[in-house]
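Architecture and fold: a report
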Amino acid sequence: MLKIVIVEPEIFTLLGIKGAIEQSPDIEVTGSANCGKIGFQLIEQTNPDVVLVDLLLPDMSGLELTRSIKRKTNSKVVIFTNQTHSDFINSAFRHGADSYMLKTADIELIELAIKRAYFNECLLDPKLAKKLLETLYQNRYIDPNFVEKNLLDSPTERQIQVLRLLAQGLVFEQIAREMFLSVSTVKHYASDLYSKWHVKNRYEAIKRGAMLGYIDYNLIVNE
């Protein structure tokens, strides 16, 4: 029997999906957690075949947890989320996710994603697959560079370094000294990142960076 662990912060969602999956004769829920830290400890203890992971956990990004699972255990990861933006989808697979499902999916489809992941196959929620294909198709004729810039490219190392320092509460002048760069160059890195992620300021960028797994939640300084 295929064994899974569920990491889901919303108690009613957790109980619902757990109860539904437990009806399957092929899948056993061996444990569940409502945060990343406890979830990872449980995964190390029980060694499940597949882990269902929400992206928005209270103590870390679901992508941070996914990366840890893939690096330190043999478990497969199925993202289980409400997040439909292409940034989240691309980041999830970049961090090692095996499949990506929406919480609105039928239980049969979620079970299929779990089984596919176990057999080293990828399943993307059909609603998202259609959306991504439509976006790629439309943008191919509007601006060939748009897809490459906004859907496929990851932030540069410099941009992420600036973002992490911003998250620690540093201002541009301090970041410039820290990175041995001019203030204008640091601002340029930040501006390019804001544009890439379609955010207006550092606060929105920090929030997006944490959600996408580029920033450790514990490093963020609340002003």
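Just so we're clear, the structure is a prediction, and the values are computed from it rather than from any experiment. (Residues numbered from 1 in each chain as written. Predicted model: local features only at pLDDT ≥ 70, side-chain atom pairs only at ≥ 80, totals over all residues. Heavy atoms only, no water.)

Quick look at helix H10 (residues 183-197) now. When the terminal C-alpha atoms of H10 are compared, their 21 Å separation across 15 residues agrees well with the 21 Å that a helix rising 1.5 Å per residue should span. Residues of H10 that are buried: Val-186, Ala-190, Leu-193, Tyr-194, Lys-196 and Trp-197. Viewed end-on, H10 has its buried residues packed into an arc of 165 degrees, placing them on one side of the element. (Helix = DSSP H or I, 4+ residues; strand = E, 2+ residues; numbered from the N terminus. Expected span 1.5 Å × (residues − 1). Buried < 20%, exposed > 50% of the residue type's maximum accessible area, 1.4 Å probe, protein only. Arc of directions from axis to C-beta.)

What follows concerns the packing of aromatic side chains. For the coordinates displayed, the defined rule picks out three aromatic pairs. Note on Tyr-118 and Phe-119: the rings are 5.0 Å apart at their centroids and 75 degrees apart in plane angle, and the pair reads as edge-to-face. In this structure Phe-119 comes out as exposed when scored by relative accessible area, which is 57%. Of note, Arg-202 hangs over the ring of Phe-172, and the distance from its end group to the ring centre comes to 5.2 Å. (Phe/Tyr/Trp six-rings, centres within 6.5 Å; stacked < 30°, edge-to-face > 60°. Lys NZ or Arg CZ within 6 Å of the ring centre and 35° of its normal.)

We now examine the pattern of salt bridges. In this structure the tally under the stated criterion is five salt bridges. The salt bridge partner of Lys-115 is Asp-26, with a shortest N-O separation of 3.2 Å. With Lys-115 in helix H5 (residues 107-118) and Asp-26 in the loop between helix H1 (11-21) and strand E2 (27-33), this pair connects stretches of sequence that are 89 residues apart. Here the salt bridges share partners, and the residues they tie into one network are Glu-8, Asp-54 and Lys-103. (Salt bridge = Lys/Arg side-chain N within 4 Å of Asp/Glu carboxyl O.)

For H5, which comprises 12 residues, the first-to-last C-alpha distance of 17 Å matches the rise-based estimate of 16 Å (1.5 Å per residue) to within 8%. Listed in full, the buried residues belonging to H5 are Ile-110, Glu-111, Ala-113, Ile-114 and Ala-117. Along the long axis of H5, the arc covered by the buried residues comes to 155 degrees, so they all point the same way. On the buried face of H5, the contacting elements are strand E1 (2-7), H1, E2, strand E3 (50-53), strand E4 (76-81) and strand E5 (99-102). One or two steps after H5, the chain reaches Asn-120, where phi turns positive at roughly 60 degrees. (Contact = heavy atoms within 4.5 Å.)

Moving on, we come to the UniProt feature "modified residue: 4-aspartylphosphate" (unreviewed entry) in the protein. Sites flagged by UniProt as "modified residue: 4-aspartylphosphate" (unreviewed entry) map to Asp-54. Locating Asp-54 in the fold gives a position in the loop between E3 and helix H3 (62-72). For Asp-54, a relative accessible area of 5% corresponds to the buried category. Among residues more than four places away in sequence, those in contact with Asp-54 are Val-7, Glu-8, Pro-9, Gly-62, Phe-80, Thr-81 and Lys-103. (UniProt positions renumbered as here; feature names shortened; annotations may be inferred.)

Further remarks concern the sheet that holds E2. The strand order across the open sheet formed by five strands is E2-E1-E3-E4-E5, and the pairing between neighbours is parallel. Both edges of this open sheet fall to E2 and E5, since each of them pairs with a single strand only. Put simply, the sheet's adjacent strands are angled 25 degrees from each other on average, direction ignored. Sheet topology places E4 next to E5; four bridges connect them, and they run parallel. Looking at E5, one finds that Val-78 is bridged to Ser-99. Seen against the sheet, helix H4 (residues 86-94) touches E4 and E5 and runs at an angle of roughly 145 degrees to E5. (Pairing = 2+ DSSP bridges. Axes fitted to C-alpha atoms, helices over the stretch in contact; angles between N-to-C directions.)

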